[in-house]
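Overview (structure and organization)
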Amino acid sequence: MTNVNLKNKIGVSVEQCVMCPEDQYTNTEQSKCIQKSVIILTYEDPLGMALALTAFCFSSFTAVVLWVFVKHHDTPIVKASNRVLTYLLLISLLFCFLCSVLFIGHPNRVTCNLHQITFGNVFTVAVSTVLAKAITAVLAFKVTAPGKQIRYFLVSGAPNYLIPKCSLFQCIVCAIWLGVSPQFIDKDGHSENGHTIIICNKGSAIAFHCILGYLEALVSNLGSLFFLCHNIQQWPCPS
């Protein structure tokens, strides 16, 4: 609110309160409206610089590990770890770390839609890859006398098909999100006094929580498999 001096019909000065616009705020004397300063997360800010540096360090470390695996792809250790799934896991983790860079800088329509969707899909690939590797390990060590179907299931690499299936469901949810209620640029002028924060409005809260809930379900299943693998050395070897 700001006070504006007016004159009535007989010339007596009176005061009337006028609401300042959304992008302005009143001064301490409440005599005029002042333009709010715009705040965005940039690379010059300490938080933006720390986020970019962290993403660069983790992505560089992941790239080095990927290079080591590719260089020694014929060694027994790399072959035993399922090379294709290992490569896919490291590449998806590399992009997961790089996704944080999308949150830095002035947001636009493209980056707003890529924020959650890109990370959700890439992280789904990473979790489903670990899930496929865990299922393969459980089937290989838990079953002591597998029949023909189980043997064919393991040799054919059927657990690997879990990755495109899990990723396809996440892609469908993201496509519905973009088609029904996509993200857009929004302004928050109430969180911090005297400043306007440029943010990306997530649009549909239901779609956003569906993506998070699906990721949580995958991680929960992965945790259950890790619990089965906890005593893997005590299991009898398959005949």
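Look above for the structure.
Residues numbered from 1 in each chain as written. Predicted model: local features only at pLDDT ≥ 70, side-chain atom pairs only at ≥ 80, totals over all residues. Heavy atoms only, no water.

**Side note on the overall build of the protein**
Along the protein, the regular secondary structure elements total 7 helices and 7 strands. Along the protein, helices and strands appear, N-terminal first, in the series β-β-β-β-β-α-α-α-α-α-α-β-β-α. For the protein, with 239 residues in total, the buried portion stands at 29%. In the protein, 61% of the contacts between residues at least 6 apart in sequence involve partners at least 24 apart. As presented, the protein carries roughly 15,300 Å² of accessible surface, and 68% of it is formed by carbon and sulfur atoms. (Helix = DSSP H or I, 4+ residues; strand = E, 2+ residues; numbered from the N terminus. Buried < 20%, exposed > 50% of the residue type's maximum accessible area, 1.4 Å probe, protein only. Contact = heavy atoms within 4.5 Å. Areas by Shrake-Rupley, 256 points an atom, 1.4 Å probe, with all protein chains shown as cover.)

**Overview of the pattern of salt bridges**
Per the stated rule, a full pass over the model turns up 1 salt bridge. Put simply, arginine 83 and aspartate 74 hold a salt bridge, and the shortest N to O gap is 3.7 Å. The partly exposed category is assigned to arginine 83, whose relative accessible area is 30%. (Salt bridge = Lys/Arg side-chain N within 4 Å of Asp/Glu carboxyl O.)

**Digging into helix H1 (residues 46-71)**
The end-to-end C-alpha distance of H1 is 37 Å, a good match for the 38 Å that 26 residues give at a rise of 1.5 Å each. Among all positions of H1, only Gly48, Ala52, Ala55, Ser59, Thr62 and Leu66 are buried. Those residues of H1 that are buried lie in contact with helix H3 (83-98). (Expected span 1.5 Å × (residues − 1).)

**Focus on the sheet that holds strand E6 (residues 184-188)**
In space, the 3 strands of this open sheet follow the order E5-E7-E6, with mixed pairing throughout. Strands with a single pairing partner mark the edges of an open sheet, and in this sheet they are strand E5 (37-39) and E6. The mean angle between the axes of side-by-side strands here comes to 35 degrees, regardless of whether they run parallel or antiparallel. Bridging between E6 and strand E7 (residues 195-201) involves 5 bridges; their strand directions are antiparallel. Directly across from aspartate 186, in E7, lies its bridge partner isoleucine 199. (Pairing = 2+ DSSP bridges. Axes fitted to C-alpha atoms, helices over the stretch in contact; angles between N-to-C directions.)

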